[in-house]
Amino acid sequence: MRFDSPAEQNVSDRMKVLGQPLRRIDGPLKTTGMAPYAYERHGVAKDQLVGYPLGSAIAKGRIVSMDINEAQASPGVVGIVTTLEMERLPKVDWNVAYLFGGRDIQHYHQAIAVVVANSFEEARAAAALIRVEYEEDQDAMYDLAAVRQERLSDDVEPIDDIGDFESAYASAEVTLDATYTTPGQCHAQMEPHATIAQWDGDHLTLWTSNQMIEWSRQALATTFDLPAENFRLDSPYIGGGFGVKLFLRADAVMAALAARKVGRAVKLALPRPMSANNTTHRGLTIQRIRIGATQEGKITAIGHDNATNTLPGGDGENGARATRRFYAGENRLLINRALEIHLPESNAMRAPGETAGLMALEIAMDEMAEKLGMDPVEFRIINDTQVDPSHPERQFSERHFIECLQRGAEVFNWASRNKAPGSRREGAWLIGHGVAGAYRDAPAETSGARVSVRPDGSIRVETDMTDIGTGSYTIIAQTAAEMMGVSLEVVNVDLGDSRHPVSAGSGGQWGAASSTAGVYAACLALRKKIAERLAVDPEALEFSEGYVRYNDQQTALSELASAGSITAEDSIEFGDFRSEEYQLATFGAHFVEVAVHATTGEIRVLRMLAVCDAGRILNPMTARSQVIGAMTMGVGAALMESLAVDTRHGFFVNHDLAGYEVPVHADIPEQQVIFLEGEDPYSTPLKAKGVGELGICGVSAAVANAVYNATGARVRDYPITLDKFLDRLPEIA
Amino acid sequence: MRAFSYERAGSPQEAAAAAAAQEGAQFIAGGTNLLDLMKLEIETPSHLIDVNGLGLDTIEATAEGGLRIGALVRNTDLAADQRVRRDYGVLSRALVAGASGQLRNKATTGGNLLQRTRCPYFYDTNMSCNKREPGSGCAAQGGYSRQLAVIGGSEACIATHPSDMAIAMRVLDAVVETVNAEGDTRAIPLADFHLLPGDTPHIETVLAPDEFITAVVLPRPLGGQHFYHKVRDRASYAFALVSVAAVIQPDGSGRIALGGVAPKPWRNEAAEAAMPNGARAVISRLLEGATPTEDNEFKVTLAERTLAAVLAEARG
């Protein structure tokens, strides 16, 4: 079905199952270890061998020679595939770096060989015996700051150039000109990339861990030059992705190549120390922000010049993205400089663009409020906009940013905050408070599903939608239960299989809204089919408690399907009105209290509150889990997460989970999440939008602003580690 | 991981003899560090001597009024021991500040002293490292060195020793007891146990290849207030940027050792004379001659400030 106009009253509005805080239906499987993750699917293919990859030891150059004799002779080895056996394999545009094949090295730990052996240990030991001779390029560039400096005078096509920024900024009564930096960040998802591959003639099955089944099927078709129909992917459970599993990656390609070579099923996982440099990261950014405002706090000019790293063909982390639409201001100059340097591939990570952009912009807003002598909550309220500032004829469908700020200020007791930076001390600790706004677009993508009533009266939903830990299983089951008038217990959901209808997949925070809309469409089709069978007008049917009721009669679903399942399939497509006439987005406000040790600079987050405006919340429990997880990730980005660049060798040095620190339990305090009541009929028939990426937007800046408020020391270089402000703490005795 | 042979030793001396008998042999106790290093082929022992069955897992009072801690006492058990908690608080606190609960359940007293550095260039076998491959160079010099040593390092190596336990033991003047293949024993003050890298960073302790740690002895309790303040980038499960182990007496005198700054627990008894003059006076002597990198020069200030925090806490 097409979604061509705003949703009206419909079946999903019953909200008997939807909108309820229900535990995830896949929870018991996960907590008992029964949910099959890719690497553990021992039963899907017989006689599985194990592949172990070898990564390049240089960042840029070429392989002169590879000697695999010793590895080949190593115990248990069945076969070896090296990159020199083939030309560079074609890739689709979503991937920036090539995944395998050829002599050329684009980045450190690029996959260059895979050893297949009877056991994991044998494969790993043999991989260490491959001798590689490289020729390193001498012209490689690994230092973003240096390259940016060289290329600042480049003519870059602005993202937005509205009004006359330079004059408005020059004549503004109050101005800020500050530069912020964010480091590369690692997805650090719990489950590594992993795949089991098995060929049957020229048909390949991959049991894998991937957010976007259809994208990867298409990518496989390109890479192996075979029709997409020849590939089946199955990815029912995914131990986190955050964007690093959006695309086909080297684990799947190597497993497929290896399986073809040895003629048996091969499984392969990317070792953790190889993941950071082999896969993708959130790009580094250097962001210059200029804001001009009137004495009263009205923004008149806003400039955001973002520089980020990418390999050729990518666009890195576009920090200026959220600035397009977050705040009012008539004169706007927004630039993204995607600078080609030779670090590994920068690509999407949770709220790509918005995350790093708001880390900077929301400190700038705090600095500006201080210059104006205003409450930073008030400053943001004054500069709210109900229209897209770059296209004022476009309204936001729903925008309740002001309510987020006001509600949050009330619940957090913002009025009693520390008002003078560095002035509130409790024992050895300085106490500070910070606020930041959150903005993230609310896209939707075509999404399909197949729904059946089965002879036992149960409902089965099939779609290639994925659940990356987000709760897709549960909200899809809730949607089907609501639509078909059954209890959640009798809904059976099967996800992540490319044999199912193509869905929107999990990415860009479009998954929840799009996939449930697809299930809604399929359920409507099924209801219509049932109506036809009963020769009744579909509108006259009421589905409840496992029965279809019409004209004072009722029939159990199980009776209807007694002769065999009744199945319908449909997909939702979103009309242009949704993206062209209106701007759909989600909003939030984050409030944070921190303590900073006045002597050592150690930081402890004490309280966090998020207020979110994201349309109808399909399941407040799973949505809350999304947001608190994102808040945790935001604390990591604020205080500790940073891929350390070795600018001589061109790689991320701290490429394991000991070196790349993410928050532990002891870092995270009580987190409160409030969802504003509301629905967005412009979004989907279910009037829902996503929250998974909204949750991380702005969090880090709220933490940063709180640290400033506690200490009086402003840090514009993330992460905010104590070495960056130690010399500005109170003198010691 | 390379193939290796394996045996279980029957006694400490047998363990030492087994080590003497085969080149490339190593002892394995908790394995919390060694196994990781073997998987990455940073350590490639040809033979493992499992010492877990040797007993050596008790803590006993010594005639001198101290404690003899068996080499195989697990970190968790040592930290929880009532006598340790009462009389050697600095040690108990240092232990629980280290690693995670699961690791502490496996890690042993002897093994903790022998753990290897967490320098990222030591861990990445594509990079040069004199500790891993003598003579290959030090990629950490001029590289990412935020976590690395500010004092005691050399041209060849600027790695730190990662232990928390050892810092506390150094403050307590602990003594390491060993036995060798011939059954000879010796007692090595912890001060002399770890070596500075010089131009042989791969040699980290004074132990002979066939020498096996049987116990660590703590002298009689010092009294005073005990502190272990470990500063790191997250609240738990991270190596120290700087840690301060201190025992402070009511008259303001005391002892201090630093972790996270050097290739070994860093203590200088002469610097402790300055304790009544405050943190700055102590650290300026303790870290005199420090040669930090741009990445880690903050550690000098941080050491000063962390000691200041400890002294303030001691004053109450």
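Residues numbered from 1 in each chain as written. Chains lettered and ligands numbered in written order. Predicted model: local features only at pLDDT ≥ 70, side-chain atom pairs only at ≥ 80, totals over all residues. Heavy atoms only, no water.

Chemist: Which residues make up the overall build of chain A, and what values do they have?
Modeler: Helix and strand content of chain A: 17 helices and 35 strands. For chain A, whose C-alpha radius of gyration is 27 Å, the value lies close to the compact-globule estimate of 27 Å for 733 residues. If one aligns the C-alpha atoms of chain A with their principal axes, the spans along those axes are about 80 × 80 × 50 Å. Counting only residues that meet the buried cut, chain A has 65% of its 733 residues in that class. Looking at chain A alone, contacts between residues at least 24 apart form 80% of all its contacts between residues at least 6 apart. When the accessible surface of chain A is summed, it comes to about 25400 Å², and 47% of that surface belongs to carbon and sulfur atoms. (Helix = DSSP H or I, 4+ residues; strand = E, 2+ residues; numbered from the N terminus. Rg over C-alpha atoms; globule rule 2.2 N^0.38 Å. Buried < 20%, exposed > 50% of the residue type's maximum accessible area, 1.4 Å probe, protein only. Contact = heavy atoms within 4.5 Å. Areas by Shrake-Rupley, 256 points an atom, 1.4 Å probe, with all protein chains shown as cover.)

Chemist: Account for the overall build of chain B, with residues named and values stated.
Modeler: Scanning chain B from N- to C-terminus turns up 12 helices and 11 strands. Radius of gyration (C-alpha) of chain B: 19 Å, near the 20 Å computed for a compact globule of 316 residues. With the C-alpha coordinates aligned to their principal axes, the bounding extent of chain B is approximately 55 × 50 × 30 Å. Pairs at least 24 residues apart make up 62% of the contacts formed inside chain B by residues separated by at least 6 positions. Of the accessible surface of chain B, which amounts to about 12500 Å², a share of 48% is contributed by carbon and sulfur atoms. Charge centroids of chain B, computed over 30 positive and 36 negative side chains, lie 7 Å from each other. (Lys, Arg positive; Asp, Glu negative; His and termini not counted. Charge placed at Lys NZ, Arg CZ, Asp CG, Glu CD.)

Chemist: I'd love a proper account of the pairing of strand β9 (residues 174–182) of chain A, names of residues and values included.
Modeler: All names here are of chain A. In β9, alternate side chains face the same way, and those of V174, L176, A178, Y180 and T182 are buried while those of T175, D177, T179 and T181 on the opposite face are not. The sheet contact formed by β9 and strand β15 (residues 285–293) spans nine bridges and is antiparallel. Residue L176 lies in a different strand from β15, and its bridge partner there is I291. (Pairing = 2+ DSSP bridges.)

Chemist: Outline the packing of helix α9 (residues 354–372) of chain A against helix α17 (residues 699–711) of chain A, listing residues and values.
Modeler: All names here are of chain A. One can describe the packing of α9 onto α17 by two numbers: an axis separation of 8 Å at closest approach and a directional angle of 40°. One element, α9, and the other, α17, form an angle in the oblique class. In the crossing of α9 with α17, the sense of the turn from one axis to the other is right-handed. Facing α9, whose interface residues are L358, M359, E362, I363, D366 and E370, α17 presents S700, A701, A704, N705 and Y708. For the contact of α9 with α17, the class distribution of residues is six nonpolar, two polar and three charged. (Axes fitted to C-alpha atoms, helices over the stretch in contact; angles between N-to-C directions. Parallel < 35°, antiparallel > 145°, perpendicular 65-115°, else oblique. Left-handed = near helix turned anticlockwise from the far one by under 90°. Nonpolar A, V, L, I, M, F, W, Y, C, P; charged D, E, K, R; others polar.)

Chemist: Give a detailed account of the domain arrangement of chain B, specifying residues and quantitative values.
Modeler: Reports often express the size of an interface as the amount of accessible area lost when the parts come together. One can read the domain layout of chain B as domain 1 (5–52) and domain 2 (225–315). Relative placement of domain 1 of chain B and domain 2 of chain B: their C-alpha centres are 35 Å apart. (Domains from an automatic or database assignment.)

Chemist: Which residues make up the domain arrangement of chain A, and what are the values?
Modeler: All names here are of chain A. Taken domain by domain, chain A comprises domain 1 (2–35 + 444–579), domain 2 (39–138 + 193–270) and domain 3 (285–441 + 584–728). Relative placement of domain 1 and domain 3: their C-alpha centres are 35 Å apart. Summed over both partners, the interface of domain 1 with domain 3 buries about 2400 Å², with 57% contributed by carbon and sulfur atoms. Counting residues per element, the ones that place at least two in the side of domain 1 that touches domain 3 are α12 (472–484), α13 (511–534), β29 (566–574) and α15 (577–581). Looking at the side of domain 1 that touches domain 3 element by element, the count peaks at five residues for α13. By residue class, the composition of the side of domain 1 that touches domain 3 is 15 nonpolar, 16 polar and five charged. (Buried area = accessible area lost by both parts, 1.4 Å probe.)

Chemist: Outline the packing of aromatic side chains, supporting the account with residue identities and numerical values.
Modeler: Residue and element names in this part refer to chain A. The tally for this structure, following the rule as stated, stands at 25 aromatic pairs over all chains. Seen from their ring centres, F3 and F574 are 5.9 Å apart, and the 75° between their planes marks the pair as edge-to-face. Of this pair, F3 sits in strand β1 (residues 2–3) while F574 sits in strand β29, and the two are 571 residues apart along the sequence. Judged by relative accessible area, F3 falls into the buried class, the value being 4%. The buried category is assigned to F574, whose relative accessible area is 13%. Three or more aromatic residues link up through ring pairs in this structure, and these residues are F326, Y327, F396, F401, Y439 and F587. Taking NZ or CZ as reference, R714 lies 3.8 Å from the ring centre of Y708, over its face. (Phe/Tyr/Trp six-rings, centres within 6.5 Å; stacked < 30°, edge-to-face > 60°. Lys NZ or Arg CZ within 6 Å of the ring centre and 35° of its normal.)

Chemist: Go over a negative patch on the surface with me, naming the residues and quoting the values.
Modeler: Residue and element names in this part refer to chain A. Residues D155, E157, D161 and D164 make up a contiguous surface patch of negative charge. Here E157 is to be found in the loop between α4 (144–151) and β8 (160–162). Given the relative accessible area of 69%, E157 is considered exposed. (Patch = residues over 30% accessible without salt bridge, like charges linked within 9 Å, V, L, I, M, F, W, Y side chains within 5 Å. Salt bridge = Lys/Arg side-chain N within 4 Å of Asp/Glu carboxyl O.)

Chemist: I'd love a proper account of the packing of helix α16 (residues 620–639) of chain A against α17(A), names of residues and values included.
Modeler: All names here are of chain A. At a minimum axis separation of 7 Å, α16 and α17 run at an interaxial angle of 50°. Here α16 is positioned oblique relative to α17, judged by the angle of their axes. The element α16 and its partner α17 pack so that their crossing is right-handed. Along the contact surface, α16 presents M631, G634, V635, A637, A638 and L639, while α17 presents V699, S700 and V703.

Chemist: Which residues make up the sheet that holds strand β11 (residues 254–259) of chain B, and what are the values?
Modeler: Within a sheet, each strand pairs with its neighbour through backbone hydrogen bonds, oriented either parallel or antiparallel. Residues and elements named next belong to chain B. Strand order in the open sheet formed by three strands is β9-β10-β11, and the pairing between neighbours is antiparallel. Each edge of the open sheet carries a strand with a single partner, namely β9 (225–231) and β11. Each strand of the sheet is rotated relative to its neighbour by a mean of 10°, with strand direction disregarded. Of the strands in this sheet, β9, β10 (242–248) and β11 touch helix α12 (residues 298–315), which is tilted by about 35° from β10.

Chemist: Tell me about the pattern of salt bridges, and please be specific about residues and values.
Modeler: A complete count under the given rule lists 68 salt bridges over all chains for this structure. When the shortest N-O distance is used, the salt bridge between K30(A) and D26(A) registers 3.1 Å. For K30(A), a relative accessible area of 24% puts it in the partly exposed group. E177(B) serves as the salt-bridge partner of R68(B), at 2.9 Å between the closest nitrogen and oxygen. Separated by 109 residues along the polypeptide, R68(B) in strand β5 (residues 67–70) and E177(B) in strand β6 (residues 175–179) bring together distant segments of the chain.

Chemist: Hey, could you go over the interface of chain B and chain A for me, with residue numbers and the actual values?
Modeler: Contact residues are listed per partner, giving 34 residues for chain B and 37 residues for chain A. Between chain B and chain A, a total of about 3000 Å² is buried, with carbon and sulfur atoms accounting for 57% of that surface. Looking only at chain B, the three residues that lose the most surface to chain A are R234(B), A235(B) and R305(B), adding up to 24% of its buried area. For the pair chain B and chain A, the interface holds two salt bridges. A salt bridge links R146(B) to D723(A); its shortest N-O distance comes to 2.9 Å. The interface formed by chain B and chain A includes 14 residue pairs in polar contact (both at pLDDT 80 or more). Looking at the side of chain B that touches chain A, the elements with two or more residues in it are α8 (120–123), β9 and α12 of chain B. The biggest single contributor to the side of chain B that touches chain A is α12(B), with eight residues. Of the residues contributing to the side of chain B that touches chain A, the split by class is 16 nonpolar, eight polar and 10 charged. (Polar contact = N/O pair within 3.5 Å; in protein donor to acceptor, adjacent residues only side chain to side chain.)

Chemist: Mind laying out the UniProt feature "domain: Aldehyde oxidase/xanthine dehydrogenase a/b hammerhead" (unreviewed entry) in chain A, listing which residues take part and the relevant values?
Modeler: Per the UniProt record, "domain: Aldehyde oxidase/xanthine dehydrogenase a/b hammerhead" (unreviewed entry) is annotated on residues 32–138 of chain A. Helix makes up 11% of residues 32–138 of chain A and strand 33%, and the two end C-alpha atoms of the span are 52 Å apart. (UniProt positions renumbered as here; feature names shortened; annotations may be inferred.)

Chemist: Let's hear about the pairing of β11(B): which residues, and what values?
Modeler: Residues and elements named next belong to chain B. Summarising burial for β11: five of the six residues are buried, a large majority. With six bridges connecting them, β10 and β11 associate as antiparallel partners. Bridge pairing in β11 places A245 opposite A257.

Chemist: Residue-level account of the confidence of the model for chain B, with values.
Modeler: Here chain B averages 97 in pLDDT, and 100% of its residues register 70 or above. Of the two predicted TM-score estimates for the complex, the pTM is 0.98 and the ipTM is 0.97. (pLDDT = per-residue confidence, 0-100.)

Chemist: Describe the UniProt feature "domain: FAD-binding PCMH-type" (unreviewed entry) in chain B, and please don't skip the residues or the numbers.
Modeler: The UniProt feature table records "domain: FAD-binding PCMH-type" (unreviewed entry) at residues 1–223 of chain B. In this annotation, residues 1–223 of chain B is assigned 28% helix and 16% strand; the end-to-end C-alpha distance for the span is 47 Å.

Chemist: Tell me about unusual backbone geometry, and please be specific about residues and values.
Modeler: Residue and element names in this part refer to chain A. The amide bond that connects Y718 to the next residue, P719, takes the cis arrangement and shows omega of -10°. Here P719 lies in the segment after α17. The backbone of E545 sits at a positive phi, close to 50°, despite the residue not being glycine. Residue placement: E545 occurs in the loop between β26 (542–544) and β27 (547–550). At N551, a residue that is not glycine, the phi angle is positive and equals roughly 40°. On the secondary structure map, N551 appears in the loop between β27 and β28 (553–556).

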